[in-house]
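Chain residues, written in single-letter form:
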Amino acid sequence: MDRSPEYQVAFLIVLGTAGMLVLVVAIVLFVIVYQKRILQSQLEKQQLEANFQQKMLEAALESQENERRRIAADLHDSVGAMLATVKLGMGNMLRSGKTEDQDFTRSVLDETISSVRKISRDLMPSTLEHYGLSAALREFCERLQQSSDITFSFIEEGEASMLALRDSSTLYRIVQELVSNAVKHSGAKVVTISLTWKKPELMLVVQDNGCGFSVEEKKKQNGGLGLYNLENRARVLGATLNYNSAPATGTRIELRWNYEKT
Amino acid sequence: MTPELYIVLVYIQTGLSAFIAGFAFWKFNSRDQIVKLIGLAFLLGFLSNSAALVMNLIFKLNPNLPQSIYKILIFWVLGAIYYHALGKRNKLIYILLSLAFTVFALINLLVIQKSQINSYASIVTAIIIIIYAVHYFYRLMIDLPTLNLQRLPMFWFNAAFLLFYSGALFLFVFTDYLVNVLNNNLLVYWGFHNILNIVAHLIMLVGLWIDLRNIKSPS
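Residues numbered from 1 in each chain as written. Chains lettered and ligands numbered in written order. Predicted model: local features only at pLDDT ≥ 70, side-chain atom pairs only at ≥ 80, totals over all residues. Heavy atoms only, no water.

1. Observations concerning the overall build of chain B
Assigned secondary structure in chain B consists of eight helices and zero strands. Ordered by position from N to C terminus, the α and β elements of chain B give α-α-α-α-α-α-α-α. Of all 219 residues assigned to chain B, the portion counted as buried reaches 50%. (Helix = DSSP H or I, 4+ residues; strand = E, 2+ residues; numbered from the N terminus. Buried < 20%, exposed > 50% of the residue type's maximum accessible area, 1.4 Å probe, protein only.)

Right, here's the structure in full:
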């Protein structure tokens, strides 16, 4: 009888102590395992971020190099060749003094000036700077329509806002890249560019009825730098890009951007 | 548990305390502040154990006084350790807590439990240290200082404190009952307390060894 409370106390002490020790071991193990997991997932995230940044940088550099190559080719093939012809024409003109030679030289000079203007417009269209994105895209479509069998159309909805040149230039380049891809790769007959203003959001859609593509496959090919370049531009802007394409179903690429956030 | 075995455990515990103090103070200048404080804590432990042994075995006096004083001093040292370990934040809280504990412990020593085992002070110490220790583990998961926690000396020190104070808490709570009712059988419980203390000392040694290794080959 006297020992019963002693046993109860002994039991309490043993149970309490054992419980506390088990708790301690559990806490220590939990901390070790959980902390390691958190750190590992952070490291993986950092690695993914670093890889993505690397891809973006490569895409930006390649884009720069492509642009330079294109300008160099344009200058060499059109302007350079034309100026060489002008030089020849002037030589003939000085020797012969004939009116036909003068007319010929003048027409080649005109063509050269026209080429230089085209190259300059492709680099930075003055319409974009002076009249905004809508006017620049409309003009872009009209120019393409004149020199191609593909039907280009530009549709605008909503009330346009004037954007900063830097932002409208980025959007213009994205459209240029998308249209260029559609013309080069899709075999499309119709390309539509639509610009919808729904304050505070702007939606830009480039759609074609071409052969379509698999976004995942494209990203794997040649490092997928073209798509990374597009995503890079959109990211800098703070916009989101959505691809809707599959082989033989055409392509619809949608950009959404909150232009009042900037 | 015989009295002889109990005394052997006390000797082992005292010896380990001295060893830990020496190990912590070795290469003093290149040691972290926390390690130096660990050394101080175990030096105080060694001194209080030695004083208790001398008073009890040689002079046949009540050995509780050095232990009671030790409890007050160790609270300050442990507070300083956790203050440094938790990023030197909220200094005032640690100071106020230590002051409050000191007042409580002195009142307990002079008025309440007097020359008996001052278990109330032990209970308060245990609860506070458990809170400090759990808080430190929580901070480890927030701050994420390293991938391998096992290479952090304070991880081991903290584990040792948590193990000892959690394991001994229930003993402290029932000390009065054990002393007054189980006079002849309380050695079993205090023997367990000493074994727990020795295990904590060994974990502490692991932490000190890792600290020394980190000094020799920092990674």
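2. Description of the overall build of chain A
Across its full length, chain A holds seven helices and five strands. Going residue by residue from the N terminus, the α and β elements of chain A occur as α-α-α-α-β-α-β-β-α-α-β-β. Pairs at least 24 apart in sequence give 67% of the contacts found in chain A among residues at least 6 apart. Taken as a whole, chain A presents about 16100 Å² of accessible surface, with 56% of it coming from carbon and sulfur. (Contact = heavy atoms within 4.5 Å. Areas by Shrake-Rupley, 256 points an atom, 1.4 Å probe, with all protein chains shown as cover.)

3. Thoughts on the nonpolar core
Among the nonpolar cores identified, the biggest contains 76 residues, and B:I38, B:I81, B:Y82, B:F137, B:F157, B:F161 and B:Y165 are the most heavily contacted of them. Listed by contribution, the elements that provide at least two residues to this core are α1 (3-96) of chain A together with α1 (3-25), α2 (33-58), α3 (64-85), α4 (91-112), α5 (119-143), α6 (153-173) and α8 (186-216) of chain B. With 14 residues, the top contributor of residues to this core is α6(B). With residues near it in sequence (within four places) discarded, B:F161 still touches B:I38, B:L78, B:I81, B:Y82, B:I129 and B:M204. By size, the runner-up hydrophobic cluster in this structure holds 37 residues, among which are A:A136, A:C141, A:V206 and A:L255. (Core = buried A, V, L, I, M, F, W, Y, C linked by side-chain atoms within 4.5 Å.)

4. Quick look at the sheet that holds strand β2 (residues 190-198) of chain A
Residues and elements named next belong to chain A. Across the sheet, which stays open at both edges, the five strands sit in the order β1-β2-β3-β5-β4 with mixed pairing between neighbours. One side of each edge strand has no neighbouring strand; the edge strands of this open sheet are β1 (151-157) and β4 (240-245). Pairs of neighbouring strands in the sheet enclose a mean axial angle of 10°, with direction left out of account. In this sheet, strand β3 (residues 201-208) lies alongside β2 in antiparallel orientation, the contact comprising eight bridges. The residue bridging W197 from the neighbouring strand is L202, located in β3. (Pairing = 2+ DSSP bridges. Axes fitted to C-alpha atoms, helices over the stretch in contact; angles between N-to-C directions.)

5. What to know about the packing of aromatic side chains
Taken as a whole, this structure holds 17 aromatic pairs over all chains when the rule is applied. Pairing A:F30 with A:Y34 gives two aromatic rings, centres 5.2 Å apart and planes at 10°, and the pair type is stacked. Pair noted here: A:F30 and A:Y34 are both in helix α1, with a separation of four residues, about one helical turn. Overall, the relative accessible area of 47% leaves A:F30 in the partly exposed class. For A:Y34, a relative accessible area of 39% gives the class partly exposed. Look at B:Y94 and B:Y132: their rings are 5.4 Å apart centre to centre, the planes differ by 35°, and that puts the pair in the tilted class. (Phe/Tyr/Trp six-rings, centres within 6.5 Å; stacked < 30°, edge-to-face > 60°.)

6. Some thoughts on helix α2 (residues 99-123) of chain A
Structurally, the α-helix is built with 3.6 residues per turn, so residues lying three or four positions apart point the same way. Relative to the 36 Å expected for 25 residues at 1.5 Å per residue, α2(A) spans 36 Å between its end C-alpha atoms, a close match to the ideal helical length. All of the buried residues in α2(A) are A:T105, A:V108, A:T112, A:S115, A:I119 and A:D122. (Expected span 1.5 Å × (residues − 1).)

7. Quick look at the packing of helix α4 (residues 133-146) of chain A against helix α5 (residues 165-186) of chain A
Residues and elements named next belong to chain A. In contact at an axis separation of 10 Å, α4 and α5 are set at 25° when each is read in the N-to-C sense. Here α4 is positioned roughly parallel relative to α5, judged by the angle of their axes. The element α4 and its partner α5 pack so that their crossing is right-handed. Residues L133, A136, L137, F140, R143 and L144 of α4 form the contact with α5, whose participating residues are S168, L171, Y172, V175, Q176 and V179. Of the residues belonging to the contact of α4 with α5, the class tally is nine nonpolar, two polar and one charged. (Parallel < 35°, antiparallel > 145°, perpendicular 65-115°, else oblique. Left-handed = near helix turned anticlockwise from the far one by under 90°. Nonpolar A, V, L, I, M, F, W, Y, C, P; charged D, E, K, R; others polar.)

8. Looking at the packing of α2(B) against α3(B)
Residue and element names in this part refer to chain B. As a packed pair, α2 and α3 sit with axes 9 Å apart at the nearest point and diverge in direction by 170°. Here α3 runs roughly antiparallel to α2, going by the angle between their axes. Across the contact of α2 with α3, the residue classes tally to 17 nonpolar, six polar and no charged.

9. Points about the interface of chain B and chain A
At the interface, 29 residues of chain B touch 23 residues of chain A. When chain B packs against chain A, close to 2300 Å² is buried across both sides, 82% of that on carbon and sulfur atoms. When the buried surface of chain B facing chain A is broken down by residue, B:M141, B:L144 and B:L147 rank first, second and third, together holding 26% of it. On the surface where chain B and chain A come into contact, there are zero salt bridges. Scanning the region where chain B abuts chain A turns up one residue pair in polar contact (both at pLDDT 80 or more). The set of elements that each furnish at least two residues to the side of chain B that touches chain A consists of α5, α6, α7 (175-181) and α8 of chain B. The element that contributes the greatest number of residues to the side of chain B that touches chain A is α6(B), accounting for nine residues. (Buried area = accessible area lost by both parts, 1.4 Å probe. Salt bridge = Lys/Arg side-chain N within 4 Å of Asp/Glu carboxyl O. Polar contact = N/O pair within 3.5 Å; in protein donor to acceptor, adjacent residues only side chain to side chain.)

10. Points about a nonpolar patch on the surface
Residues and elements named next belong to chain B. Judged by side-chain polarity, V103, L106, I107, L110, V111, I112 and Y120 come together as a nonpolar surface patch covering roughly 640 Å² of accessible area. Take the nonpolar patch: its biggest share by element is six residues, from α4. Considering the arrangement of structural elements, one finds I112 in helix α4. The class of I112 is partly exposed, set by a relative accessible area of 46%. (Patch = residues over 30% accessible without salt bridge, like charges linked within 9 Å, V, L, I, M, F, W, Y side chains within 5 Å.)

11. What about α6(B)?
Along its 21 residues, α6(B) runs 30 Å from first to last C-alpha, staying within 8% of the 30 Å computed at 1.5 Å per residue. With 18 of its 21 residues buried, α6(B) lies for the most part within the structure.

12. Describing the pattern of salt bridges
Evaluation of the coordinates by the stated rule reveals nine salt bridges over all chains. With its nearest N and O atoms 2.8 Å apart, the salt bridge here joins A:E201 to A:R256. Of this pair, A:E201 sits in strand β3 while A:R256 sits in strand β5 (residues 251-258), and the two are 55 residues apart along the sequence. You can call A:E201 partly exposed: its relative accessible area is 30%. Residue A:R256 is classed as partly exposed on the basis of its relative accessible area of 31%. Between B:D143 and B:R139 there is a salt bridge whose closest N-O contact spans 2.8 Å.

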